[in-house]
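Spelled out from the first residue to the last, the chains are:
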Amino acid sequence: MAAEMPAKVEAVAGATVADFPWADAAAAVTALNTAARSLGTQLDSRSTMLPTIVDWVGTYRDEFDRAYGRITGTASGLKETLTTLASSIVSGAEGANQAQRIYNQAALEPDPPASTTRRSGRNIPV
Amino acid sequence: MATSSANPFKLGRYSSDGLALGAALKTQADAVAGKLASLRGSGSPYLPALGEPDATLTDLAGDWHHLDEFAGDVANAFFQANQNLGERPMSQEQLDAMVLSMGDESILRLGHVGYADRDAASAAANQLTQDIRAAMEDGISTDELNGLADRATRGQFDPAFAVTFVEGMGVDGMVRIPALVEAAWPGGEYGDNPGWGQDRLLPFATILTTAMDTRAATPQIDRHDPDNQNLADGDRLNEDWVREFTGFWQPDDFDQPNNLHYSLLVKNAALPSDVLVDVANRHLDYLLAHDATPTGYMNSIPWGINDSMAEINILDALGANQDASLDWLGMKNPGDGTIYYPGRTATNMEMLLRYHPNTIDPILGDALATVVENGLQHWEGTESDALFEIVIDTVGDQDTVHFDELLPTLGEGARTHMDQLADRTHEVMPSAVGNVDENAQQGLYNAHDFLKVLMDDDDAANSVYRGSLEFVQDTLNSDTGDGFGGESRQIGGLMGLVTEADENARVEATEARIAARQSFLDGVGLVKDVVGLVPVAGQTASSAISIGSFALDQAIDNFGMSGLEGAVDQDYANMANVRDGIRAELTSATAAYEYGVRGTWTSGEVIDATNAALGSSVAQGMDTDFFADGTSGDRRPIKPYAEMSADERRAYNEWLNSDPVGDAVSGDRTAAGQRMDEVIDSLEHR
């Protein structure tokens, strides 16, 4: 199943913002998924087309078959690579959301009470 | 010999279906590349390492495109070898069952087949580059050169192979390849094995052609393989390489890549027109501007008499490309690096016509003539017309053509552009306007002087007369039925110009020349038949002529032939007789126009006028009916003059001299004769 981008967790007021290119990442995931699907279609279609040229024999056919084998091998591997990269970007987005949640939580917690005793350990001239 | 078998229809279908799939994938590859490029600009710590899957995908799309092209090229080879295949009516079952066989060498040659695997093509090109560079350093035997040429042949049509090889060799490396061929020449000299080197050089030149074919800038009409239009930008020849190539110039250094070897590559390649124009400007400008004489490489002919002069090789390449010839001839500024840069005022056409080297080499003359012919006969009428105006004024001004080989070419140019010469007789005439600008008639004078130069050559003179006759026919064909006056004036003006130029050329009245004059006059004589054949009141001349102009077409087709058959009328040696004949024929044609096209008279009125003109001179039993036999009514067609009996001709001529005809045609006849006389008078009293 194609990877899907999670909904973005927005930063609350005063929270640190987790840096992530949401729009570009979403567009990239869509493009990667589409390309991976297209590669799958290519491989299926070409596999169906191949028997139509079974009559073709000779030196050039041999050369064709060698190139065909190499290219379809590359295509199969690349399909997986594109799918994996799309998933990795989605994981990155989830990581950014998780960080944002932590930043938001920190921003929402009340500040600790101010200390009444003078700091010590350092001799600050006045 | 190895053979291959295939069903070309199925293979062709596989190729086109595969290319469609590949095109869709390329779109996806472009999208992925664009999106990942945007992500790469981000510094987010949450993004994964992106790697380069976009580059791999783009490469894959290119590989598939290349493989599908390969299958299509093999299919095309079968179609090329069986060109009537598509014309046979066959059922789908028959088409599917068909399997053809042919030799692999023929497949390579006819299908322009490259490598199936693009990576293999690039690897083979890289290996060939390395081996050629090593041979340039270490020397080479004939057998070794043959081996390299065979490997070049294998990849010559493959765009990936070609771009990799050409860019790998660099411009200087490519230019040194002819020198490598020269070094391997069996026997050591051209005469030992004529043409050997050209055959070995050809695949390397074809590689250059294929590489140039991959450019996005290559005009579509110049592209040898339309599929190269759709290559990815990264698979195209770099334009910087092209600029370096067109800027190459190394005239005299025999130890370096030099102009002779460069020109051999250019001549044997088929470069796109824009590249060829730049090459021609760079390599011909010095020659034309300095009236330099092309000399053989090291004053010898290492590549044979036809291929050993750099500038002639460049001219030959230009002559093989009509578009490039046209563009180059019309250019004034030959570009950066040439001696007249910037701001030369003369076009290359004018430079070429004024080019006058000390030694007139017929091979050079032929090469120049081919380029000029390309320009003057080009289908781009406006640009070609502009070139012809330059020709008239340049040749007219210098009153000569320096290369005899140009004369027949310019004669045919005059034939094609005869309307422009006729237009120059429309310039202001002294009789028409009081105070004329003396320069106003310079165009007419140049036209006369140009034609006078052509009249020195029998072939060119023949073309001029033949073109004049065609002009007569075209002028009549364009008639709109509003009278013969305008047409006859145009024709009269051209007749005056041509006959005056012929007379002033003072050439010997050879059989061929007299034959041309006679054919011309005979052709003008046919005009009266043409317009008189189908008399329908209100009908325009063009519809009548379209039916009746067969005889005139024949006269044009057989132009000048009567002289070769020994049937020349020696009266036509005298120009005054030729002019009298033209005047009489124009009068006759005008009368025929009144009867045949305008319907001024009925057939009965024509007979009455004829009998009145004959008066008492008509003999008993004389046949004065010069209409077509077996016709009746008021609109009988006049019999073609050649088919009339002696009596009928006499009667016909009397009719032409009759009062009704005189009254009707006097205006047009006078206008034609007057324009003819005006032109002659103007030229004789300049």
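Calculation notes
Residues numbered from 1 in each chain as written. Chains lettered and ligands numbered in written order. Predicted model: local features only at pLDDT ≥ 70, side-chain atom pairs only at ≥ 80, totals over all residues. Helix = DSSP H or I, 4+ residues; strand = E, 2+ residues; numbered from the N terminus. Buried ≥ 20, exposed ≤ 12 C-beta atoms within 10 Å, placed from the backbone. Contact = placed C-beta atoms within 7 Å. Expected span 1.5 Å × (residues − 1). Axes fitted to C-alpha atoms, helices over the stretch in contact; angles between N-to-C directions. Left-handed = near helix turned anticlockwise from the far one by under 90°. Pairing = 2+ DSSP bridges. pLDDT = per-residue confidence, 0-100. Core = buried A, V, L, I, M, F, W, Y, C linked by C-beta atoms within 7 Å. Parallel < 35°, antiparallel > 145°, perpendicular 65-115°, else oblique. Nonpolar A, V, L, I, M, F, W, Y, C, P; charged D, E, K, R; others polar.

Peer 1: I'd like to hear about the overall build of chain A, residue by residue, with values.
Peer 2: Summing up its helical and strand segments, chain A has two helices and zero strands in all. Buried positions account for 27% of the 126 residues belonging to chain A. Relative to all contacts within chain A whose residues are 6 or more apart in sequence, the contacts with residues 24 or more apart total 94%.

Peer 1: How would you explain the overall build of chain B if you had to name every residue and give the values?
Peer 2: From N to C terminus, chain B includes 29 helices and two strands. Of all 686 residues assigned to chain B, the portion counted as buried reaches 49%. A separation threshold of at least 6 residues defines the contact pool for chain B, and within that pool the share at least 24 residues apart is 79%.

Peer 1: Which residues make up the interface of chain B and chain A, and what are the values?
Peer 2: You'll often see interface size given as the accessible area lost when the parts meet. On the chain A side, the residues contacting the 46 residues of chain B number 43 residues. Taken together, the elements giving at least two residues each to the side of chain B that touches chain A come down to β1 (3-6), α1 (8-40), α2 (53-81) and α4 (104-111) of chain B. With 16 residues, the single largest contributor to the side of chain B that touches chain A is α1 of chain B.

Peer 1: Please set out unusual backbone geometry residue by residue, giving values where relevant.
Peer 2: Residues and elements named next belong to chain B. A positive phi angle, close to 50 degrees, is found at D291, a residue other than glycine. By C-beta crowding, D291 is classed as exposed, having 12 other C-beta atoms within 10 Å. If you check the backbone angles, D399 has positive phi at about 60 degrees while not being a glycine. Considering the arrangement of structural elements, one finds D399 in the loop between α16 (381-398) and α17 (406-416).

Peer 1: Pulling in residues and values, what's your account of helix α1 (residues 22-49) of chain A?
Peer 2: For α1 of chain A, which comprises 28 residues, the first-to-last C-alpha distance of 40 Å matches the rise-based estimate of 40 Å (1.5 Å per residue) to within 8%. Considered for burial, the residues of α1 of chain A that qualify are D24, A25, A28, V29, A31, L32, A35, A36, S38, L39, Q42 and R46 of chain A.

Peer 1: If you had to explain the packing of helix α6 (residues 142-155) of chain B against helix α8 (residues 196-213) of chain B to someone new, which residues and values would you point to?
Peer 2: Residue and element names in this part refer to chain B. In contact at an axis separation of 8 Å, α6 and α8 are set at 35 degrees when each is read in the N-to-C sense. With respect to the hand of their crossing, α6 and α8 are arranged in left-handed fashion. Of the residues in α8, those touching α6 at L145, A149, A152 and T153 are R200, P203, F204 and I207.

Peer 1: So what's going on with helix α19 (residues 442-454) of chain B? Residues and values would help.
Peer 2: Residue and element names in this part refer to chain B. Taking 1.5 Å per residue, 13 residues should reach 18 Å; α19 reaches 18 Å between its end C-alpha atoms and fits that length. With eleven of 13 residues buried, α19 is to be regarded as a mostly interior element. Those residues of α19 that fall on the buried side of the exposure criterion are G443, L444, N446, A447, H448, D449, F450, L451, K452, V453 and L454.

Peer 1: Hey, could you go over the pairing of β1 of chain B for me, with residue numbers and the actual values?
Peer 2: Residue and element names in this part refer to chain B. Here β1 shows a clear split, with S4 and A6 buried on one side and none of T3 and S5 buried on the other. In the sheet, β1 pairs with strand β2 (residues 100-103) via four bridges, with the strands oriented antiparallel. Following the sheet pairing, T3 is matched in β2 by G103.

Peer 1: Could you give an account of the environment of D73 of chain B, naming the residues involved and the relevant values?
Peer 2: Residues and elements named next belong to chain B. You can see D73 is positioned in helix α2. In sequence terms D73 and G114 are 41 residues apart; their C-alpha atoms lie 8.2 Å from each other. Here D73 is in contact with G111, H112 and V113, once residues within four sequence places are set aside.

Peer 1: Can you tell me about the confidence of the model for chain B, naming the residues and giving the values?
Peer 2: All names here are of chain B. Summary statistics for chain B give a mean pLDDT of 84 and a share of 82% for residues scoring 70 or more. This stretch, residues 532-549, has a pLDDT under 50; its non-local contacts, to residues over four places away or in other chains, come to 49 contacts. Note on residues 561-566: pLDDT under 50 across the span, and eleven contacts to partners over four residues away in sequence or across chains.

Peer 1: Run through the nonpolar core, naming residues and quoting values.
Peer 2: Counting 170 residues, the largest nonpolar core has L32 of chain A together with V74, V166, L368, L451 and L454 of chain B as its most contacted members. Element by element, the count of residues in this core is highest for helix α7 (residues 159-183) of chain B, at 13 residues. In this structure, V166 of chain B is in contact with M174, I207, L208, A211, L237 and W241 of chain B, ignoring residues within four places of it in sequence. Counting 15 residues, the second largest nonpolar core, distinct from the first, contains A609, F627, L656 and V661 of chain B.

Peer 1: Break down the environment of T83 of chain A for me, with residues and values.
Peer 2: All names here are of chain A. Structurally, T83 can be placed in helix α2 (residues 59-108). Exposure remark for T83: the 20 C-beta atoms within 10 Å place this residue in the buried category. For T83 and Q98, which are 15 residues apart along the polypeptide, the C-alpha to C-alpha distance reads 23 Å.

Peer 1: Describe the packing of α7 of chain B against helix α9 (residues 239-246) of chain B, naming the residues involved and giving the relevant values.
Peer 2: Residues and elements named next belong to chain B. One can describe the packing of α7 onto α9 by two numbers: an axis separation of 10 Å at closest approach and a directional angle of 30 degrees. Accordingly, the angle class assigned to the pair α7 and α9 is roughly parallel. The interaxial crossing formed by α7 with α9 has left-handed handedness. Contact with α7, carried on its side by V166, E167 and V171, involves W241, E244 and F245 of α9 and no other residues of that element. Considered class by class, the residues forming the contact of α7 with α9 number four nonpolar, no polar and two charged.

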